[in-house]
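# Observations on the three-dimensional arrangement
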Protein chains: 2
Amino acid sequence: MGKHVFGVDVGGTSIKMGLFDESGSILDKWEIETRSADGGKEILPDIADAIIEALGRDDIARSDVEGIGVGVPGPALSDGTVPLCVNLGWRESVDVAKELERLTGIKTKVGNDANVAALGEAWKGAGAGVKNAVMVTLGTGVGGGIIIDGRIVHGVHGAGGEIGHINVNPDELIPCNCGRKGCLEQYASATGIARLTRDRLSKDDKASSLRNITITDITAKDLFDAFKAGDELAVEVGEQFGEILGRALANISNTVDPEMIVIGGGVSNAGDVLIPLIRKYFEKYTFASVATTMIRLATLGNDAGIYGCARLVLD
Amino acid sequence: MGKHVFGVDVGGTSIKMGLFDESGSILDKWEIETRSADGGKEILPDIADAIIEALGRDDIARSDVEGIGVGVPGPALSDGTVPLCVNLGWRESVDVAKELERLTGIKTKVGNDANVAALGEAWKGAGAGVKNAVMVTLGTGVGGGIIIDGRIVHGVHGAGGEIGHINVNPDELIPCNCGRKGCLEQYASATGIARLTRDRLSKDDKASSLRNITITDITAKDLFDAFKAGDELAVEVGEQFGEILGRALANISNTVDPEMIVIGGGVSNAGDVLIPLIRKYFEKYTFASVATTMIRLATLGNDAGIYGCARLVLD
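Report follows, based on the coordinates. As the structure is a computational prediction, the values presented were derived from the model and not from experiment.

### Considerations on the interface of chain B and chain A
- Contacts between the two partners involve 43 residues from chain B and, on the opposite side, 43 residues from chain A.
- For the pair chain B and chain A, the summed buried surface comes to about 3,200 Å²; carbon and sulfur atoms form 55% of the total.
- Counting the surface chain B buries against chain A, the share from its top three residues, H157(B), R180(B) and T255(B), is 20%.
- Of all elements in the fold, only β9 (142–148), α7 (232–256) and α8 (274–285) of chain B reach the threshold of two or more residues within the side of chain B that touches chain A.
- Considering every element that reaches the side of chain B that touches chain A, the biggest residue donor is α7(B), with 7 residues.
- Within the side of chain B that touches chain A, the residues separate by chemical class into 18 nonpolar, 18 polar and 7 charged.

Shown next as C-alpha cells:
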C-alpha cells in the first residue's frame, strides 16, 4: 500500500481536495474552482492537474499514492461511472474513474457526495469507527448515505441513500424538485422547514416572534432560534419536522438497522436541540429492538466528503 | 472447501433440512418436528442428531461438510447468536452457531428466516444470481430481507429487513402485533388484506361477490379471486393494497436501490396479477432513476429458506 491518498469532493462551485496519510490523518487541504461550463469537460483535467501539482509540491512519488477518491453531486455507480451530473454540466455518462486514472496514472474510486460524506462521518466523524451507519444531510435539499459493513451502498442505479426522496406524505399537492410529490426533502430540508413555518404562520394569527420577520424571508435558522427561545408556534413546527424526519429515519432503521444515525448539513447547525426532537418520534415509530439506535450530530462539517473520499480508496 | 452443505430452516412447528453440494444443487431434503416445549432446549440437539444421521445415511465424512446454515424465526445477529426467539421458546439469548458447532463439530452460520429466504431467492430463485435484492414475504405477517453485494443485511440489532414494521400510516388507531400502529404488516399481510376487505365491505352496501362469503371468514385469497374476476369492490381493495405496498417498496428502493424486488409468501400465490398492481404505485412514488427496478414473484416457495441457509455457508 502507498503512503498517501487524495480525497476530492466535487461541488457545483468548488472542488475540495485533501491529502491524507494511510491512517486517515489529513496532511493538507485546499480548494479549486469547479469549471462546469462547456459540459464540464475541464473538471477532471483540473483535478488531475491539482493532484500532479500537489505531488510536486510535497515531493511525493506517484508510486507512493494508494489512490484518489472522488465524490460527485449526482448518482455514482460502483464501477466508477457517473450516468448524469447536471450540477457539473455532465449530460452524458462520464467514466470518472477511468478518465482520472488515465490523466494521473493513479487508481481512482468514485461515490455520490452525500454517500461519501456518510462514509467520512462513520469513519472519522460522529461515527468514529462505526461500521453500520445512516447519514442524513439536511441542506438546501436532503441527501443521505447508507454504510453497511463499512462500505457505501451505492445502489444499482447509483441511487443508494436517496432518502430525501422517500415519500412521507402521499397527499402532498406541491411537487418536489424531483417531480414527485411528498418527498422527505419537501419538509426536512432548510427550504422545507422554512415552508412548514410559513404555512403554519399563514394558517391563523397565533402570536409568534416569527411574525417580526418578513414571511418570505423566514429561514430554518429563524425557526430553530424561535424554537430554542420557547416560541409556541415555533415549537409546533419543530415537532412537525421532528415527526416527519423521525418517522422516516425509523422506517430506514427497520430496513437496514444501523448502529448510528448521523444528522448533518446546514440544518444540523441548530445543534443539540435537534436530537431529542428527532429521537422522540424515531422511538414512537421504530421496531422495539431498534429504538436504542444512536442519533448524533455530524462533526466533520464540510470536510466529511474528503474524508469519505479518502476512505473509499483505503477500504 | 468441503463438498457438502446443510441448510436448516427452523420454523415454529417443523424444521426443514436440506443437503446441498457446493454448487448449490439440492441432494436431499426432509423435515423434523420443532420441539419448542421446555424453553426449546431440544431444538439444537435435534438438529445436530438429524445432521449426524444424514452423514451416516449418505456416507459423508464430517471433513467433507463445509458448514451448516440455520434460519430462525426471530432476530439473528451476525455473530450467530439469537437474542430472543419466542416462536421457539427461547426467552434468552442462544448462541446457535457455537452450540451447533459444539454438537456437530461443523462450522455454523445463522440468519433470520425472512432474511435467509431473501438470500435463497436472490441466489437460486427469482433473482438467479442477482447480488442486490429486496424480498418481501407476505404471509400471516410481513417479513423481509435485504441483500447487498450478495450478503444479508442482518442489522446491528438483528432487525435488518424488518420491513413489515415500516410505518405506512401514522393515523392508524389499531395496534399491530408489535405494539406500534400503522405498520405495513397491518395492510399487506394475508390478515391485513382480509382486514382491508372487511373494512371496505362494512363501509357501504356496494354490490360485490365477496358479500356471498361470511364476512369474518373472508381471506386474502377470496379478495384476489374476486379481483381477478373483475369485482369492482375487490379491485378497489386491491388498488389500496397495491398503493400501500408499492409506496413502501419505493421508499425502500430509494434507500438501498436494489436490482430486483422479490414478492413471496402465501399472498404471492395470487400470482402475476400482483406485479402490475404493485409496479403502478412503485413507479408513482419512487425516484425516477429507480423506477425500472425489476419486481418478480418468488419461485422457490417453502424451499427458499434452506437454499438461503446453504448460501450463508458458501458465501
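### Here we look at helix α6 (residues 220–228) of chain B
Residues and elements named next belong to chain B.
- Within α6 the residues assigned to the buried category are A220, D222, L223, F224, A226 and F227.
- Structurally, α6 contributes buried residues whose contacts are with α5 (190–203), α7 and α8.
- Among the residues trailing α6, G230 stands out with phi positive, at a value near 85°.

### Overview of the packing of aromatic side chains
Residues and elements named next belong to chain A.
- Under the criterion given, the structure shown has 6 aromatic pairs over all chains.
- Between F20 and Y307, the ring centres sit 5.0 Å apart and the planes meet at 70°, which makes this aromatic pair edge-to-face. Here Y307 lies in helix α9 (residues 304–314) and F20 lies in strand β2 (residues 14–21), a separation of 287 residues in the sequence. We note that F20, like Y307, is buried.

### Quick look at the environment of G12(A)
Residues and elements named next belong to chain A.
- Of note, G12 is situated in the loop between β1 (4–10) and β2.
- Sequence-wise, G12 and K228 are 216 residues apart; in three dimensions their C-alpha atoms are separated by 33 Å.
- Setting aside anything within four residues of it in sequence, one finds G12 in contact with T34, S36, N87 and L88.

### Things to note about the packing of helix α5 (residues 190–203) of chain A against helix α6 (residues 220–228) of chain A
Residue and element names in this part refer to chain A.
- The N-to-C vectors of α5 and α6 enclose an angle of 60°; their axes lie 8 Å apart at closest approach. When the axis of α5 is compared with that of α6, the two are oblique. Here α5 contributes A190, I193, A194 and T197 to the contact with α6, which in turn contributes A220, L223 and F224.
- Residues that form the contact of α5 with α6 fall into these classes: 6 nonpolar, 1 polar and no charged.

### Some points on empty space enclosed by the protein
- Inspection of the entire model under this criterion finds 2 cavities of 30 Å³ or more.
- Considering only enclosed or pocket space, the largest cavity measures out at about 100 Å³ in volume.
- Every residue lining the largest cavity is counted, 14 residues in all, and those nearest its centre are N167(A), R247(A), N251(A), N167(B) and N251(B).
- Going through the elements one at a time, α7 (232–256) of chain A together with α7 of chain B are the ones with two or more residues in the lining of the largest cavity.
- Here the lining of the largest cavity is built from residues that sort into 8 nonpolar, 4 polar and 2 charged.
- The calculated volume of the second largest cavity comes to roughly 60 Å³.
- As for the second largest cavity, its lining consists of I166(A), A248(A), N251(A), I252(A), T255(A), I166(B), N251(B), I252(B) and T255(B).
- Within the residue set of the lining of the second largest cavity, elements represented by two or more residues are α7 of chain A together with α7 of chain B.
- When grouped by side-chain class, the residues that make up the lining of the second largest cavity number 5 nonpolar, 4 polar and no charged.

### Overview of the sheet that holds strand β4 (residues 65–72) of chain B
Residues and elements named next belong to chain B.
- Spatial strand order, β3-β2-β1-β4-β7: 5 strands in an open sheet with mixed pairing. In the strand order of this sheet, the two ends are held by β3 (26–33) and β7 (108–112), each with one partner. Averaged over all pairs of adjacent strands, the angle between their axes in this sheet comes to 15°, without regard to strand direction.
- Alignment of strand β1 (residues 4–10) against β4, held across 6 bridges, turns out to be parallel. Each residue of the ladder has a partner; that of F6, found in β4, is I68.
- In this fold helix α2 (residues 96–104) packs onto β4 and β7, with an angle of close to 145° to the strand it touches most, β7.
- Against the sheet, helix α3 (residues 113–124) contacts β1, β4 and β7, and its axis sits at roughly 105° relative to β7.

### Observations concerning the packing of α6(A) against α7(A)
Residue and element names in this part refer to chain A.
- Remark: α6 packs on α7, axes separated minimally by 8 Å, with the N-to-C direction vectors making an angle of 115°. Viewed along their axes, α6 and α7 form a crossing whose handedness is left-handed. On the side of α6, the interface is formed by L223, F224, A226 and F227, while α7 contributes A234, V235, V237, G238 and F241.
- Its residues assigned to classes, the contact of α6 with α7 shows 8 nonpolar, 1 polar and no charged.

### Some remarks on the sheet that holds strand β3 (residues 26–33) of chain A
Residue and element names in this part refer to chain A.
- Reading across from one edge, β3-β2-β1-β4-β7 is the order of the 5 strands in this open sheet, with mixed pairing throughout. With one partner strand each, in any of the chains shown, β3 and β7 (108–112) form the two edges of the open sheet. Here the average twist between neighbouring strands, direction ignored, is 15°.
- Bridging between strand β4 (residues 65–72) and β7 involves 5 bridges; their strand directions are parallel. Counted as the bridge partner of I68 is T108 from β7.
- Sheet strands in contact with α9 are β1, β2, β3, β4 and β7, and its direction is about 130° off that of β1.

Cut-off values and rules
Residues numbered from 1 in each chain as written. Chains lettered and ligands numbered in written order. Predicted model: local features only at pLDDT ≥ 70, side-chain atom pairs only at ≥ 80, totals over all residues. Heavy atoms only, no water. Contact = heavy atoms within 4.5 Å. Buried area = accessible area lost by both parts, 1.4 Å probe. Helix = DSSP H or I, 4+ residues; strand = E, 2+ residues; numbered from the N terminus. Nonpolar A, V, L, I, M, F, W, Y, C, P; charged D, E, K, R; others polar. Buried < 20%, exposed > 50% of the residue type's maximum accessible area, 1.4 Å probe, protein only. Phe/Tyr/Trp six-rings, centres within 6.5 Å; stacked < 30°, edge-to-face > 60°. Axes fitted to C-alpha atoms, helices over the stretch in contact; angles between N-to-C directions. Parallel < 35°, antiparallel > 145°, perpendicular 65-115°, else oblique. 1 Å grid on protein atoms, 1.4 Å probe; cavity = no way out; pocket = protein on both sides within 12 Å on 5 of 7 lines; lining within 4 Å. Points joined across faces, edges and corners; volume = space filled by probe spheres on them. Pairing = 2+ DSSP bridges. Left-handed = near helix turned anticlockwise from the far one by under 90°.

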